[in-house]
Amino acid sequence: MRGLNLDQLRTFALVIETGSFSAAAERSGVTQPAVSLQIRQLERRFGLKLVERVGRRAGPTAAGMELLAHVRTIDAALAQAELAMTAHASQVAGRIRLGTGATACTYLLPPLLADLRRRFPALDIVVSTGNTADMLRGLETNTLDIGLVTLPAPGRMFQVTPVLEDEFVAIFPAGDPAMIPAAATPQALARLPLVLFEPGARTRRLVDDWFEAAGVAAKPVMELGSTEAMKEIVGAGLGCAILPGLAVSGAGRRAALEVRPLAPRLARGLAIVLRRDKPLGRGLRHLQESLLALRE
């Protein structure tokens, strides 16, 4: 396509349509010499004769006839491109890649995403889950557009906006009162069969630090990557677990579980993370505003 001029193609098509250089010039609002120049330049570009005189009319050569079919295809494609861009300009549309943790994805985001889908059906939000380090790496390489992650989120390239605090809780089997201590302290929980998040997760690091601050070494009997699996294990009477409060509130509540606050208190912060140089399109701006509303 290098050197191919759309104006020349359209002038060529207009000459064939009108059958006259002068009529094409009048239709396009330029002089006849300007039309003749564009046709010569186009013929020079291909090294072919494209227009010939047939009686008093200008008509296409065999090469010109084939080019005309391509010009019509090009015009149709350009019209579709303009319609697509108009749609982007007039409505919230496109694809946004959101990175977050599994707990937020499961218990916090579904109502928010459903509301966005209802308001903006042409907006496609693709959610990826993983630990904070993976999400930050995705934002850095621009394979993710926005993140909702557990703090801290280090990096000078990032704009970090805290949105909510999620308090950790201890969960116990409701049918086994003997397993439920008077207070969910590090010392009390360390004496029980303990189910924790798998190593590497930011939430696991926070829980380990909570135990270490009390001078207690946590020795879990199970390490899992799923909050639902941890709740099932505890509900079956196989131990106790420490989970973010989001996992056992709202749709995450389970009748088979007893929930107790930790003593001392432990909480994690969730924040919206964007690259500072990230262009905010209409769709991304609406998603950001919905996430910011979590603070209310």
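Residues numbered from 1 in each chain as written. Predicted model: local features only at pLDDT ≥ 70, side-chain atom pairs only at ≥ 80, totals over all residues. Heavy atoms only, no water.

Chemist: So what exactly am I meant to see when it comes to the overall build of the protein here?
Modeler: In terms of regular secondary structure, the protein is built from 11 helices and 11 strands. Radius of gyration (C-alpha) of the protein: 32 Å, far over the 19 Å computed for a compact globule of 296 residues. Projected onto its principal axes, the C-alpha positions of the protein cover 105 × 35 × 35 Å. Burial status across the protein gives 40% buried among its 296 residues. Working note: accessible area of the protein is about 15600 Å², and carbon and sulfur atoms make up 54% of it. Side-chain charges of the protein comprise 35 positive and 28 negative groups, with the mean position of each set lying 7 Å from the other. (Helix = DSSP H or I, 4+ residues; strand = E, 2+ residues; numbered from the N terminus. Rg over C-alpha atoms; globule rule 2.2 N^0.38 Å. Buried < 20%, exposed > 50% of the residue type's maximum accessible area, 1.4 Å probe, protein only. Areas by Shrake-Rupley, 256 points an atom, 1.4 Å probe, with all protein chains shown as cover. Lys, Arg positive; Asp, Glu negative; His and termini not counted. Charge placed at Lys NZ, Arg CZ, Asp CG, Glu CD.)

Chemist: It is not clear to me how the packing of aromatic side chains should be interpreted in this structure. Could you clarify?
Modeler: Note on aromatic pairs: each is described by the distance of the centres and the angle between the planes. Going through the model one piece at a time under the given rule, you end up with one aromatic pair. With 5.1 Å between their ring centres and 75 degrees between their planes, tryptophan 210 and phenylalanine 211 make a pair best called edge-to-face. Given a relative accessible area of 6%, tryptophan 210 falls into the buried group. If you follow arginine 45 out to its NZ or CZ, it ends over the ring of phenylalanine 46, 5.4 Å from the centre. (Phe/Tyr/Trp six-rings, centres within 6.5 Å; stacked < 30°, edge-to-face > 60°. Lys NZ or Arg CZ within 6 Å of the ring centre and 35° of its normal.)

Chemist: Would you mind showing me how to read empty space enclosed by the protein here?
Modeler: Enumeration according to the criterion identifies one cavity of 30 Å³ or more in this entry. Considering only enclosed or pocket space, the largest cavity measures out at about 30 Å³ in volume. Taken together, Leu6, Leu9, Arg10, Val71, Ile74 and Asp75 form the lining of the largest cavity. Counting residues per element, the ones that place at least two in the lining of the largest cavity are helix H1 (6-18) and helix H4 (62-90). Its residues placed into classes, the lining of the largest cavity shows four nonpolar, no polar and two charged. (1 Å grid on protein atoms, 1.4 Å probe; cavity = no way out; pocket = protein on both sides within 12 Å on 5 of 7 lines; lining within 4 Å. Points joined across faces, edges and corners; volume = space filled by probe spheres on them. Nonpolar A, V, L, I, M, F, W, Y, C, P; charged D, E, K, R; others polar.)

Chemist: How should I be thinking about the layout of surface pockets in this particular structure?
Modeler: Of the volumes computed, that of the largest pocket is approximately 370 Å³. Taken together, 23 residues line the largest pocket, and the ones lying closest to its centre are Ala102, Gly130, Asn131, Ala201 and Thr203. Elements supplying a minimum of two residues to the lining of the largest pocket: helix H5 (102-107), helix H7 (132-140), strand E5 (146-150), helix H9 (202-213) and strand E11 (267-275). For the lining of the largest pocket, the class distribution of residues is nine nonpolar, 11 polar and three charged.

Chemist: Would you mind going over the pairing of strand E9 (residues 240-244) with me for this structure?
Modeler: Along any regular strand, the residues point their side chains to alternate faces of the sheet. Among the five residues of E9, five are classified as buried, and the element is accordingly described as predominantly covered. Pairing geometry for strand E6 (residues 158-173) and E9, over four bridges, is antiparallel. The partner of alanine 170 across the bridge, within E9, is isoleucine 242. Where strand E7 (residues 194-197) meets E9, two bridges bridge the pair, whose relative direction is parallel. Counted as the bridge partner of valine 195 is alanine 241 from E9. (Pairing = 2+ DSSP bridges.)

Chemist: Just to check I follow, could you spell out the packing of helix H2 (residues 21-28) against helix H3 (residues 32-46) for this structure?
Modeler: The geometry of a pair of packed helices is captured by two quantities: the angle between their axes and the separation between those axes. For the pair H2 and H3, interaxial distance at closest approach is 8 Å and the crossing angle is 110 degrees. The pairing of H2 with H3 is recorded here as roughly perpendicular in orientation. Each of Phe21, Ser22, Ala24, Ala25 and Ser28 in H2 lies in contact with H3, whose residues at this interface are Gln32, Val35, Ser36 and Ile39. The residue inventory of the contact of H2 with H3, partitioned by class, reads five nonpolar, four polar and no charged. (Axes fitted to C-alpha atoms, helices over the stretch in contact; angles between N-to-C directions. Parallel < 35°, antiparallel > 145°, perpendicular 65-115°, else oblique. Contact = heavy atoms within 4.5 Å.)

Chemist: Quick question: what am I supposed to make of unusual backbone geometry here?
Modeler: A negative phi holds for most residues other than glycine; trans holds for most peptide bonds. The omega angle of the peptide bond from leucine 151 to proline 152 is 5 degrees, so this bond is cis rather than trans. Inspection of the secondary structure assignment puts proline 152 in the loop between E5 and E6. The omega torsion of the bond from alanine 263 to proline 264 falls at 5 degrees, within 30 degrees of zero and hence cis. The residue asparagine 142 is not glycine, and still its phi comes out positive at about 65 degrees. With relative accessibility at 35%, the residue asparagine 142 sits in the partly exposed group.

Chemist: Where do I start with helix H10 (residues 227-235) in this structure?
Modeler: In an α-helix, one turn spans 3.6 residues; hence positions three or four apart end up facing the same way. Here H10 has its buried residues at Thr227, Met230, Lys231, Ile233 and Val234. Seen end-on, H10 carries its buried residues on one side only, within an arc spanning 160 degrees. With a side-chain oxygen positioned 3.3 Å from the backbone nitrogen of glutamate 228, the residue opening H10 is serine 226. The positive-phi residue at the C-terminal boundary of H10 is glycine 237, with phi of around 85 degrees. (Arc of directions from axis to C-beta. Polar contact = N/O pair within 3.5 Å; in protein donor to acceptor, adjacent residues only side chain to side chain.)

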